[in-house]
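Structure at a glance
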Protein chains: 2
Amino acid sequence: MLYQNYPCLEVNLGYLKENVEVVVKNCGKYGISVAGVMKGPSGIPECSRQFQDGGCRYIASSRIDQLAAAVESGISIPTLLIRIPMLSDVQNVIRYADYSLESEISVLEALNEEAGRQHKTHRVIIMADLGDLREGFWDKDEMVEVCARVENDLAHLELAGVGTNVGCYGSVLATPEKLEELVVIARRVEKRIGRKLEIVSGGASSSYMRVLDGNIPEGITNLRIGEQILLARDLDVFYGYDLRDMHQDVFTLKTELIEVKDKPTHPVGELGVDAFGRKQHYEDRGIRKRALAAIGKVDYGSIEEIFPREPGVEVIGASSDHTILDIQDAKRDLQVGDVLEFDIDYASLVYLSNVRDVRIEFV
Amino acid sequence: MLYQNYPCLEVNLGYLKENVEVVVKNCGKYGISVAGVMKGPSGIPECSRQFQDGGCRYIASSRIDQLAAAVESGISIPTLLIRIPMLSDVQNVIRYADYSLESEISVLEALNEEAGRQHKTHRVIIMADLGDLREGFWDKDEMVEVCARVENDLAHLELAGVGTNVGCYGSVLATPEKLEELVVIARRVEKRIGRKLEIVSGGASSSYMRVLDGNIPEGITNLRIGEQILLARDLDVFYGYDLRDMHQDVFTLKTELIEVKDKPTHPVGELGVDAFGRKQHYEDRGIRKRALAAIGKVDYGSIEEIFPREPGVEVIGASSDHTILDIQDAKRDLQVGDVLEFDIDYASLVYLSNVRDVRIEFV
């Protein structure tokens, strides 16, 4: 990669650690351990380090290569794979993940065999689908039997616990009643195997609402938290929580302006579809001062996921490599070469940290 | 990076070269040179090689590091930077781009100075905005004067020509009348500087419609083509062109199934927003056979950009790392570990080739 100043994703590591500490402390009040989910910043090891130093009990990612990078960078807390594994990838899973989320007996059997080959014990968390319709057992009787099977028959696996996911695909809310369903399952499994489970993992950042409200059911012992630590935006923006004790600006996107001109706001000519094959609507606001920034959908996803910090700057469109800004009402007399800062959300963070052309800088 | 079998983006290099040849031949009938735009597959050198071997006159990208990679991999046709440059990046531009698109005098002056420092002559194509409202001069008198300025005053730059972009942001169609506007500007510039221009660059894949229709204005001498060569989808899907002489399956996305279960189709519980902060609508179709694939929005963008090849397989949703499929009507008895193939479009190609977790394989 060539060195380019911009676009740049600036990461405030001190703010990040402080966010970790707030979440770990709040969860700790209820005996809940925190798995720090570092897939948002694509496993940048400097971020994982803050998760560890701030008190996370586990370091988690959906992508096994991010866990491998964490291990290789010296992170010493246990790793947790939070995407149920591919059968074709069990070797990597056993090598780099201490724990994993699981929902298929065929995968559990393959992991057991591979763990034996690598002379390891791999810990698994069996997932219950409580209605969000992503991964997990829908049939809870079957789930209890699979847990018993892991406990009794799969010698190289250890049944660490049970877990669930809510809010990711199906938008199901982590209500106390919903999380209570998981505790009931955990108790059934414990009765069936005759011992306590280490982990009852009640979801992701969306379940942290129950910690803030103080109504997280007793028996939930773990949460897997990324967004709330990294950005602390969603519970504020979508659910109105007061998160003023957290930093919402751990991450700053910086882009450089490559064109500044007065132009019309409505395209001139016969219209078809844009570069992404979409019919677009354009508002006609006459001639306005506009700027192009050298960044596009390839880098951050969609324009709804980036938020100019400078008053009077508005994102009005983007192609794969260009972002079009209305700067008519900006206070600064913006010029080609000037740098603009943006807040980002979880979706844009995932893209910005994962693509090639964005430089990452730590402060 | 760890070795993982899937997800995998399979590239048929033979098909790609054949697509290049068709486009180069069709454009050649009208004396039009082709700049092969290789930003779709993120500058994968093996793809750039087909652009060169198939007869493209220039190799083009919006990202300077992709041009650098092409040069370093041995591509010998001239490189063309198709995103107007950052002021902060002129050193890389002069080093790795033989040509660039330009629309700002301050950038041209900086490029001239840097070209002098590197003892090079850099060729520029001055952009006219004809109403698509991305880059380029809106004031055409100013544009002609800037062209004359390059010709007469900027000793280390060479005015290679003029160009325009349509269809990318503003969805403006490349009608014959619209492209004729560019030819008129080219003639004005030529009159002003007293010589012919090498390049009159009439746009991207969307301008290729005029080649197919045989009504591309005389005087257009270049097109910058990516999508039409790589996928040959857009002019078919959006404008109904018969592209049966081209391969629409140069690229194949392969993903592995990580869960297969009978589940409800409507989430169960109180609903909020999904992992990307969006309110979603879910259709209730009762209990159906569903599968999860180990790939998500991080890898390909949005679910509207991937198309299952297998009849009876439908994409119904995705989170950042999971894709949820309805496989009730599939003919195969799909199991965990099975691999599904998808067609992709331009947006998904850009993401899939740019992110870290997708393995690229050539056939």
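Residues numbered from 1 in each chain as written. Chains lettered and ligands numbered in written order. Predicted model: local features only at pLDDT ≥ 70, side-chain atom pairs only at ≥ 80, totals over all residues. Heavy atoms only, no water.

What UniProt records for chain A under Cofactor (unreviewed entry) is the sentence "pyridoxal 5'-phosphate". (UniProt positions renumbered as here; feature names shortened; annotations may be inferred.)

What follows is about the overall build of chain A. Counting secondary structure elements, chain A contains 12 helices and 16 strands. For chain A, whose C-alpha radius of gyration is 23 Å, the value lies close to the compact-globule estimate of 21 Å for 363 residues. The buried share among the 363 residues of chain A stands at 66%. Across chain A, the fraction of contacts at a sequence separation of at least 24, relative to all contacts at a separation of at least 6, is 65%. Surface exposure of chain A reaches about 12,600 Å², of which carbon and sulfur atoms provide 46%. (Helix = DSSP H or I, 4+ residues; strand = E, 2+ residues; numbered from the N terminus. Rg over C-alpha atoms; globule rule 2.2 N^0.38 Å. Buried < 20%, exposed > 50% of the residue type's maximum accessible area, 1.4 Å probe, protein only. Contact = heavy atoms within 4.5 Å. Areas by Shrake-Rupley, 256 points an atom, 1.4 Å probe, with all protein chains shown as cover.)

All right, on to the pairing of strand 14 (residues 323–326) of chain A then. Remark: a regular strand shows side chains that alternate across the two faces of the sheet. Residue and element names in this part refer to chain A. Across the two faces of strand 14 the burial is the same, with Thr323 and Leu325 and Ile324 and Asp326 all buried. Of the strand pairs in this sheet, strand 11 (residues 287–293) and strand 14 are connected by 4 bridges, and their pairing is antiparallel. If you follow alanine 293 over to strand 14, its bridge partner there is threonine 323. By the bridge criterion, 4 bridges tie strand 13 (residues 314–318) to strand 14 in an arrangement that is antiparallel. (Pairing = 2+ DSSP bridges.)

With that settled, consider the relation of the copies chain A and chain B. Mapping chain A onto chain B is achieved by rotating through 180 degrees and translating by 0.0 Å along the same axis, at an RMSD of 0.0 Å. What we have between these two chains is a two-fold relation. It is A:Val355 whose C-alpha, among those of chain A, lies nearest the rotation axis, at 2.7 Å. Most of the interface of chain A is mirrored in chain B: 100% of its interface residues are interface residues there too. (Least-squares fit on C-alpha atoms with pLDDT ≥ 70 in both.)

Here we come to the nonpolar core. The biggest cluster of nonpolar side chains holds 208 residues, and the ones touching the most others in it are A:Phe251, A:Leu325, B:Phe251 and B:Leu325. Sequence-distant contacts of B:Phe251, that is, excluding residues within four places in its chain, are made with B:Leu9, B:Glu10, B:Val11, B:Pro41, B:Cys47, B:Leu230, B:Leu231, B:Arg309, B:Phe342, B:Asp343, B:Ile344 and B:Leu349. (Core = buried A, V, L, I, M, F, W, Y, C linked by side-chain atoms within 4.5 Å.)

Throughout the structure, instances matching the rule amount to 3 aromatic pairs over all chains. Look at A:Tyr58 and A:Tyr99: their rings are 5.2 Å apart centre to centre, the planes differ by 80 degrees, and that puts the pair in the edge-to-face class. Within this pair, whereas A:Tyr58 is found in strand 3 (residues 58–61), its partner A:Tyr99 is found in strand 5 (residues 99–102), the two being separated by 41 residues in sequence. Classification of A:Tyr58 as buried rests on a relative accessible area of 4%. Over the ring of A:Trp138 we find A:Lys140, and its NZ or CZ is 4.7 Å from the ring centre. Here B:Arg233 stacks its cationic end above the ring of B:Phe307, 4.2 Å away from the centre of that ring. (Phe/Tyr/Trp six-rings, centres within 6.5 Å; stacked < 30°, edge-to-face > 60°. Lys NZ or Arg CZ within 6 Å of the ring centre and 35° of its normal.)

Here we take up the pattern of salt bridges. All names here are of chain A. All chains considered together, the criterion is met by 60 salt bridges over all chains. The salt bridge involving aspartate 141 is made with arginine 188; its shortest N-O contact spans 2.9 Å. On the criterion of sequence distance, the pair formed by aspartate 141 in helix 6 (residues 140–153) and arginine 188 in helix 7 (residues 176–193) is long-range, its members being 47 residues apart. When its relative accessible area of 48% is taken as the criterion, aspartate 141 is described as partly exposed. (Salt bridge = Lys/Arg side-chain N within 4 Å of Asp/Glu carboxyl O.)

With the exception of glycine, most residues fall at negative phi, and the peptide bonds are largely trans. The peptide bond linking A:Tyr6 to A:Pro7 adopts the cis configuration, its omega dihedral lying at 0 degrees. Its place among the elements puts A:Pro7 in the segment before strand 1 (8–11).

Before going further, it helps to spend a moment on the environment of B:His122. All names here are of chain B. Structurally, the position occupied by histidine 122 is in strand 6 (residues 122–128). As a C-alpha pair, histidine 122 and leucine 159 span 37 residues in sequence and 8.7 Å in three-dimensional space. Here histidine 122 is in contact with Val93, Ile94, Ala97, Asp98, Tyr99, Ser100, Leu111, Ala115, His156, Leu157 and Glu158, once residues within four sequence places are set aside. At 3.1 Å, the side chain of histidine 122 and the backbone oxygen of alanine 97 are in polar contact. (Polar contact = N/O pair within 3.5 Å; in protein donor to acceptor, adjacent residues only side chain to side chain.)

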